[in-house]
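# A closer look at the structure
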Amino acid sequence: MSWRFGVVGLVCLLATVAFASSADDAGPDSAGFRSHAFSGPDGTDATLGDFEGQPLVVNFFASWCPPCRAELPDLEAFHQAGDGQVQLIGISHDLARSSWLSLVTEAGLTFPTYHQPDQEIFTELDLFAMPTTIFVSAEGEIAHTHGGVLTERSLRDSVAEHLGVTIPEMGAT
């Protein structure tokens, strides 16, 4: 079983490296991506359109993806430092709802996460690296797409550059 986890991790890493080198622009822009529903922990549906009116960072992840797991602490630190200036959400592509919820608990995530096992948004935007993070303006337009792992610092820098919002470092006054 552990060799399979290693193979999956290697595939994720190779896809991330291939995609990261071409992820400098915002990528495909489609109004339809905002209408695909995803499910919250309580079973209620939401869409990206529900978040319009504020800058949004959307991270696509899965429990089976080692690079996704590696960046979760940095995403959580960004969320804690952000103080609501930018909405951060995660969308899990786990097939099993229980895998998604277990990872959220294990990682101690406090930012909102959702479940979309059919990957409709991911597919519509023609994304393929895991993890992938999209930066969406308050008007609902994709400002930037990043394939690969983000650190807290690179996430803050991307938010400042692409969404025009400065998030202080944790512990900074």
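Presented here is a report on the structure given in the accompanying data block.

Rules used in this analysis
- Residues numbered from 1 in each chain as written.
- Predicted model: local features only at pLDDT ≥ 70, side-chain atom pairs only at ≥ 80, totals over all residues.
- Heavy atoms only, no water.
- Helix = DSSP H or I, 4+ residues; strand = E, 2+ residues; numbered from the N terminus.
- Contact = heavy atoms within 4.5 Å.
- Areas by Shrake-Rupley, 256 points an atom, 1.4 Å probe, with all protein chains shown as cover.
- Core = buried A, V, L, I, M, F, W, Y, C linked by side-chain atoms within 4.5 Å.
- Buried < 20%, exposed > 50% of the residue type's maximum accessible area, 1.4 Å probe, protein only.
- Expected span 1.5 Å × (residues − 1).
- Bend = angle between axes of the 7 residues up to and from the residue.
- Polar contact = N/O pair within 3.5 Å; in protein donor to acceptor, adjacent residues only side chain to side chain.
- Phe/Tyr/Trp six-rings, centres within 6.5 Å; stacked < 30°, edge-to-face > 60°.
- Pairing = 2+ DSSP bridges.
- Right-handed = clockwise from strand over helix to strand, strands pointing away.

## A short note on the overall build of the chain
Across its full length, the chain carries five helices and seven strands. Along the chain direction, N to C, the helices and strands of the chain fall in the order α-β-β-β-α-β-α-β-α-β-β-α. Sequence separation of 24 or more characterises 70% of the internal contacts of the chain that already satisfy a separation of 6 or more. Accessible surface, the chain as shown: approximately 8,000 Å² in total, 56% of it carbon and sulfur.

## Considering the nonpolar core
Soluble globular proteins: nonpolar side chains tend toward being buried together. Phe38, Leu48, Ile89 and Val159 are the most contacted members of the largest nonpolar core, which totals 42 residues. Elements with a contribution of two residues or more to this core: strand E3 (56-61), helix H2 (66-82), strand E4 (87-92), helix H3 (97-107), helix H4 (120-124), strand E6 (132-136) and helix H5 (152-163). When near neighbours in sequence (up to four residues on either side) are disregarded, leucine 48 contacts Phe33, Arg34, Phe38, Leu56, Val58, Ile89, Ile91, Ile121 and Ile134.

## Some remarks on H2
For H2, built from 17 residues, the straight-helix expectation of 24 Å at 1.5 Å per residue is met to within 8% by its first-to-last C-alpha distance of 25 Å. At leucine 72, H2 shows its largest kink, close to 35°, and the proline proline 73 lies no more than four residues downstream. Every buried residue belonging to H2 is among Pro67, Cys68, Glu71, Leu72, Leu75, Glu76, Ala77, Phe78, Ala81 and Gly82, and all of these are buried. Among the residues trailing H2, aspartate 83 stands out with phi positive, at a value near 50°.

## Let's talk about the side chain of glutamine 116
The residue glutamine 116 is located in the loop between strand E5 (113-115) and H4 in this model. One polar contact links the side chain of glutamine 116 to the main-chain amide nitrogen of glutamate 120, over a distance of 3.4 Å. Beyond its immediate stretch of four places on either side in the chain, glutamine 116 contacts His36, Ala37, Phe38, Ile91, Ser92, His93 and Ile121.

## As for the packing of aromatic side chains
What the rule picks out here adds up to three aromatic pairs. Between phenylalanine 51 and tyrosine 114 the ring centres are 6.3 Å apart and the planes differ by 70°, which places this aromatic pair in the edge-to-face class. Separated by 63 residues along the polypeptide, phenylalanine 51 in the loop between strand E2 (45-46) and E3 and tyrosine 114 in strand E5 bring together distant segments of the chain. Residue phenylalanine 51 is classed as buried on the basis of its relative accessible area, which comes to 12%. Cluster of aromatic residues (ring-pair linked, three or more members): Phe38, Phe51 and Tyr114.

## Re the pairing of E4
For E4, a buried count of six out of six residues is recorded, marking the element as mostly surrounded by other parts of the structure. Of the two faces of E4, both are covered, the one formed by Gln87, Ile89 and Ile91 as well as the one formed by Leu88, Gly90 and Ser92. Pairing analysis gives six bridges linking E3 to E4, with the strands arranged parallel. Counted as the bridge partner of valine 58 is isoleucine 89 from E4. Taking the sense of rotation as the criterion, the β-α-β connection linking E3, H2 and E4 turns out right-handed. Bridge analysis of E4 against E5 gives three bridges, and the strand direction is parallel. If you follow isoleucine 91 over to E5, its bridge partner there is tyrosine 114.

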